[in-house]
Amino acid sequence: MSLFDDFLESTENPQEQTNGISINSLSYENYPTNNNVTDDTLLQRNQPSTTISQTSIKSISSTIFNLDYVQFQLPALLIYMVVSNNILLAVLSNNHILRIDLDNPLQVEEIDLVRKPNDGKIVSVFFDPTGRHLILSTEQGENYYLYGNWKKTKVLSRFKGLVITSIGWNHQATMNSTATLEILLGTNKGEIYETWIEPTDEYFKKEERYLKLLYQLSVDSPTLSPSLLPSQIVGLHFESIPAQKYLVMVTTANRLYQFIGITNPASSAGIHETGSAMFKPLFSQYTNNVSFQELPGDIGWSGLYLYNVTTLQRSSEIFAWVTGPGVYQGRIDVKSEKTDDLIDNAQLILYPTSVLQDGSTQQQPDIPIAMSLTAFHIIFLYQHRVKVICHLNNKLVYDESIPLESNEKIQGLAVDNSQKTYWIYTTAAIYEIVIKNEDEQAWKLYLDKKDYTLALEYCRQPEQRNKVYIAQADQLFLNGAYQQSAKYYAVTNMSFEQVALKFISRNEKDALRVYLLAKLQQLDDKARTQKSIIATWLVEIFLAKINQYHEMGTSVAYTSTHHHDGINKGQSALDYYRKREHQVKYEFKQLLETYEDYFHKETVYKLIASHGHNAELVYYATLIGDDEKVMSHWITERNWMKALAILGKQVKLDMFYKYSPILMEYVPRETVDIWMLHTKLNPRMLIPSLLRYNHNTVADKATQHQAIRYLSYVVTTLGNTDPVVHNSLLALYATQSTTDETALLSFLKNEGREMYYNPDYALRLCSQFGRLQSCIHLYSLMGLYEEAVHLALRIGDIDLARIHADKPFGDEELGKKLWLAIAKYVIKEKNDIKLAMDYVKQSNILKIEDILPFFPDFILIDEFKDDIYKALEEYNGHIGVLKSEMDDATKSVNNIRLDVRSLKTRFTELDEKDQCCICEFPLLTRQFYVFPCHHSYHMDCLINKTTKHLPFRQIRKLADLQEQLSRDIKLQNKLQHVQMNKSGKDMSRSTSTTLKTPPTIPTTDAERDEFGRIKARIERLKSELDDIVANECVYCGQIMIDSIDEPLIALEENEVVLDWMI
């Protein structure tokens, strides 16, 4: 339920009014107040043994409660007032009802209360939670209905004869529907009815769709005051509970009933009208022996009040039942496992006594005329006062007198559950009880009751929650619940040292572990030092706990006891301790996983190792990615397969280089398999591991040599070119115990002439281990064909010698020498002249006369005289060819001489108007070049143009030539100037003129020699300069072709471009 269930009860003497209507009491929602209590009876009940004046009672103010007068002028005496969903309805003595929307209080609607003659006084008024359905019941059983904005009431004819004293509203009804849905009615005769009210505009259709009797309370209670019938229902409430059941709570003046059961499904009014009522199955099971709670006594009236308490954590409903001894207050526990009683935390609260002005307390309490319930308080209304007590500690917190005019009387209380507003009304005025921050001190009240859960729900400040947690933790600690107290200490601001010492002093390491874990979770990530210290401390505590359970399990391993605290029935002590040990290990691993970033690796290693927990050590190392530690452990344990599994997952190559030697010694094939999967390994770094491999220790000799297998894979598949790797593989091939050189020769041949191995080392190794065929191949690769042929002949392999004799291409002399060696071997060692002659024919190098010296002195030439004759004819033909070639060469030489002479006389004619093709100035003004294509350039222009396209090396050479040429010309001019001074001639000509004037010839031999050397050097430098800059025309030669992709206008000519811009 989501609404407050508060009820207003008032009792008045029936007094005749001018309009003939007596003033009766008022009830709110489904709980009527008794209106049959006379003023005299009430005054008697309210008076203590000694009459106390209202002025002698001391008022008690409160910051929570305040009584505010409502500024509203009533047009007539106020008899009843109800408020719901911010709608206020006031029943006046002039048979009118005022309707006020409190959201718009300036608009007041006046409604006619249409009544039948002689229907008696109004005994009950009910207003539903939505603020739309109003029901008025009279003492003669006439009932009237008002809906929403109707301007007058209607008669509920089906209810005729029923004096309704309570209504159980259906809280499933919403503003979207005009119907009340299924509701329950309680009467003054103990009858419980089900009905459905829905307003209609049809004349012949009734608002009360059906009315069905569900239950009749028994009438065996003692006779009460004239104001109450023995079985009169004063309170009625229903709500849904789990398991598709409903709870219906019914109260009389001294009995409380709980009806619990399954109902028919909620449906439409038509179905219930023709069929069974919704609550019929529930009440049908209580035909006999219904149980109830009874509180004897009589104060002249009674009522049932409910209030829905909603917090962030939960929603619960509390109730208060007015009885003779006091107020029976408790909570409805809809989740209770009980099937017949859902009341929890019930208590009997006595009616409050006021404090007098002298500080004393009333001896007897006054009896209230009405009551209402809030979340934490009970409001009592008296004839002249309003009192409020806290139902958490039963203390009076507010006591205030109500100012009344003469002939003004208090009528009752009205409560708006939806808006949580409380109203007191008299015959002439309306007051509002303003409640502010009611739950402000609720946490402290629950704390005093040691209800820590509820205290926490109402804490607003961290300091408040801290006090609650400390109190709860201290209570649990005193009760011996150390682990539970540790959880609460962890969320307090108590000093870490203080809490830790509390558990250490009691030797409660389990509780300390719980506290440290909780504290660790609360620390901020920035507090790395604190988290590291606590986490490390927890490591030690967990390890000690694991040892404790392990030792206990070991000590009872040979016992069969089942008697131990915490051991389940039928479980042995050994099983118990093993289970606990596994649980602690699991929690320890969780700790390592959660806080791995805060541990100091070496410290944790030392702690775990000191306790001898190798499995946990490996787990932690694996967790933090310390594969090196894991590898070391498995290698120490000689568990090669697990070590290989770790190695196979590595991306750090150093791990391979470090641990491969030992693995190669014991599991070579598996190690090589892993190597071959990691192609980024440096084979050179694995050579030490390969050296640890000894193929002779392998049981199956047919198994492939693993070192050769890996290096062959690296060389052939991965294309490795490291000489060290190739030399190592070659050494492995050469040093094998087998005499078969097939594998070694295959490797050497596959290498080709690139030879990534060291051939000298290979040759020395093959010679040392007698790999002669490989030596022959190496000799041949190294160009030592003579040694290769001689070694082949030494082992008698003539075919191999012939192969290598054909290899020295271009060196006819060496080839002839090698074939002569073969022929000599065949003739002298094999005595096979015919075979030698065949080799002469095959070689195409040897002649018959070359091998004649090897023939024996006494041998007949009949067998090869034809060969000799043929050889002589070939010599004669060859001599003729050589003579013809010599004649042709002589003719070519003469032709070349003629061409050279004609070049010296070649010339071209120039006009004085000819210009340089580069600078376009007259050509004859400076030194120039003229090309056969008739392009002509100044010497300096050509040099500048050519320099842009020359490589850096030639530019440097050109600069050097220019510098040397300038220096030599100056020296030549200086010598000429000295000669001219000797001859008395004028030598004041310029250097440029000197170049055009025939130089003066030196007179002495030394001067002539020096002058000649300088002149020759100048000519040579000029020739080299011409070769660089005048090798070809810059506009017709390769330079022009290479510059085809260059722009026509250079960057330095931007000004020219700008001149053409429009």
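## Some thoughts on the side chain of N86
Mapped onto the elements of the fold, N86 is located in the loop between β2 (78–84) and β3 (87–92). Under the relative-accessibility criterion, N86 is labelled buried at 12%. Residues within four places of N86 in sequence aside, it is in contact with I100, D101, L102, D103, D416, S418 and Q419.

## Thoughts on the sheet that holds strand β18 (residues 303–310)
Think of a sheet as strands paired side by side through backbone hydrogen bonds, with each pair either parallel or antiparallel. Spatial strand order, β18-β19-β20-β21: four strands in an open sheet with antiparallel pairing. Two strands bound the open sheet, and with one partner strand each, they are β18 and β21 (343–349). Each strand axis lies, on average, 20° off the axis of its neighbour in the sheet, ignoring direction.

## Notes on the environment of K467
Its place among the elements puts K467 in helix α6 (residues 462–478). Separated by 12 residues in sequence, K467 and A455 place their C-alpha atoms 10.0 Å apart.

## Notes on the nonpolar core
Of all hydrophobic cores here, the largest spans 118 residues; its most connected members are F503 and I822. With nine residues, the top contributor of residues to this core is helix α10 (residues 528–555). In this view, F503 contacts F477, Y482, S485, A486, Y489, E508, A511, L512 and Y515; residues no more than four positions away in its chain are not counted. Counting 54 residues, the second largest nonpolar core, distinct from the first, contains Y305, Y351, M371 and V386.

## Re a nonpolar patch on the surface
Residues L910, L924 and F928 make up a contiguous nonpolar surface patch of roughly 250 Å² in combined accessible area. Looking at the secondary structure, you find F928 in strand β29 (residues 928–930).

## Details of helix α17 (residues 668–677)
For α17, the set of buried residues is P668, T671, V672, I674 and W675. Relative to the axis of α17, the buried residues are bounded by an arc of 160° and lie together on one face. Looking at the buried residues of α17, the elements they touch are α15 (640–648), α16 (653–666), α18 (683–691) and α19 (706–717).

## Focus on the packing of helix α30 (residues 939–947) against helix α33 (residues 1005–1029)
Between two packed helices, what matters for the description is the angle formed by their axes and the separation of those axes. Two elements in contact, α30 and α33, have axes separated by 10 Å at closest approach and are oriented at 55°. The pairing of α30 with α33 is recorded here as oblique in orientation. Each of M939, L942, I943 and T946 in α30 lies in contact with α33, whose residues at this interface are L1025, I1028 and V1029. Looking at side-chain class alone, the contact of α30 with α33 contains six nonpolar, one polar and no charged residues.

## A few points about a negative patch on the surface
On the surface, E1032, D1042, D1045 and E1046 cluster together to form a negatively charged patch. One can find E1046 in the loop between α34 (1038–1042) and α35 (1054–1059). Using a relative accessible area of 44% as the deciding quantity, one classes E1046 as partly exposed.

## Points about the confidence of the model for the protein
For the protein, the average pLDDT comes to 82, and 85% of its residues sit at 70 or higher. Across residues 1–51, confidence stays below pLDDT 50; counting only partners more than four residues off in sequence or on other chains, it has 218 contacts. Note on residues 985–998: pLDDT under 50 across the span, and 14 contacts to partners over four residues away in sequence or across chains.

## Quick notes on helix α23 (residues 772–781)
Each α-helix winds once per 3.6 residues, and so residues spaced three or four apart point in a common direction. Here α23 lies mainly inside the structure; eight of its 10 residues are buried. What α23 keeps buried is the set S774, C775, I776, H777, L778, Y779, S780 and L781. Where α23 is buried, its residues touch α21 (742–751), α22 (759–768), α24 (785–794) and α25 (798–805). At the C-terminal side of α23, G783 shows a positive phi close to 80°.

## A word on the pairing of strand β6 (residues 122–127)
In the case of a regular strand, side chains alternate between the two sheet surfaces. Along β6, six of the six residues are buried, which leaves the element largely enclosed by surrounding structure. For β6 and strand β7 (residues 133–138), the ladder comprises five bridges, and the chain directions are antiparallel. In the sheet register, S124 faces β7, and the bridge partner there is S137.

## Concerning the sheet that holds β2
Reading across the sheet, the four strands line up as β2-β3-β4-β5 and stay open at both edges, with antiparallel pairing between neighbours. Of all strands in the sheet, those with a lone pairing partner are β2 and β5 (108–112), marking the two edges. Across the sheet, the mean angle separating the axes of adjacent strands is 20° when strand polarity is ignored. In terms of strand pairing, strand β4 (residues 96–101) meets β5 through five bridges, oriented antiparallel. Following the sheet pairing, I97 is matched in β5 by I111.

## Concerning the packing of aromatic side chains
Within this structure, the stated rule accounts for 39 aromatic pairs. Ring geometry for F747 against Y757: centres 6.0 Å apart, planes inclined by 40°, an arrangement best described as tilted. In this pair, F747 sits in helix α21 while Y757 sits in the loop between α21 and α22, placing the two residues 10 residues apart along the sequence. Given the relative accessible area of 6%, F747 is considered buried. Residue Y757 is classed as buried on the basis of its relative accessible area of 2%. Among the aromatic side chains, those forming a connected cluster through ring pairs are F477, Y482, Y489, F496, F503, Y515 and W537. The aromatic ring of W150 is capped on one face by K154, whose charged end is 4.6 Å from the ring centroid. Across the ring face of Y210, the terminal group of K212 is positioned such that the distance to the ring centre comes to 6.0 Å.

Criteria and cut-off values
Counting of residues starts from 1 at the beginning of each chain's written sequence and follows it residue by residue. A pLDDT threshold of at least 70 governs which residues receive local features in this predicted model, and a stricter bar of 80 or more applies before side-chain atom pairs are shown or counted, although totals over entire chains, interfaces and linings include all residues. The basis for the side-chain values is all heavy atoms of the structure; hydrogens and waters are excluded. A run of H or I in DSSP becomes a helix once it reaches four residues, and a run of E becomes a strand once it reaches two; helices and strands are each numbered from the N terminus. Exposure classes here rest on a 1.4 Å probe applied to the protein chains alone. A residue is buried below 20% of its type maximum, exposed above 50%, and partly exposed in between. The contact rule is simple, with two residues in contact once any of their heavy atoms fall within 4.5 Å. For two strands to be treated as a pair, DSSP must find at least two bridges joining them. Angular values range over 0 to 180 degrees, each being the angle between N-to-C directions of two axes fitted as lines to C-alpha atoms, with helices fitted over their stretch in contact. What is meant by a nonpolar core is a set of buried Ala, Val, Leu, Ile, Met, Phe, Trp, Tyr and Cys residues, joined one to another through side-chain atoms within 4.5 Å. Patch definition: residues with relative accessible area over 30% and no salt bridge; like charges joined within 9 Å; nonpolar side chains (Val, Leu, Ile, Met, Phe, Trp, Tyr) joined within 5 Å. In this description, accessible areas are obtained by the Shrake-Rupley approach with a 1.4 Å probe, and a residue is regarded as covered only by the protein chains that are shown. Think of a salt bridge as a Lys or Arg side-chain nitrogen and an Asp or Glu carboxyl oxygen that are within 4 Å of each other. Here the arc refers to the directions that run from the helix axis out to each C-beta atom. Roughly parallel here means an angle under 35 degrees, roughly antiparallel means over 145, roughly perpendicular means 65 to 115, and every remaining angle is called oblique. Gly counts as polar in this scheme, as do all residues outside two lists: the nonpolar Ala, Val, Leu, Ile, Met, Phe, Trp, Tyr, Cys and Pro, and the charged Asp, Glu, Lys and Arg. A positive count includes Lys and Arg, and a negative count includes Asp and Glu. His and the chain ends are not counted in either. Charge coordinates come from a single atom per side chain, which is NZ of Lys, CZ of Arg, CG of Asp or CD of Glu. Each residue carries a pLDDT value, the predictor's own confidence for that position, ranging from 0 to 100. Working definition: a ring pair exists when centres of Phe, Tyr or Trp rings (six-membered ring for Trp) sit within 6.5 Å. Plane angles under 30 degrees give stacked, over 60 give edge-to-face, the rest tilted. Our definition puts a charge over a ring when NZ of Lys or CZ of Arg is within 6 Å of the ring centre and also within 35 degrees of the ring normal.

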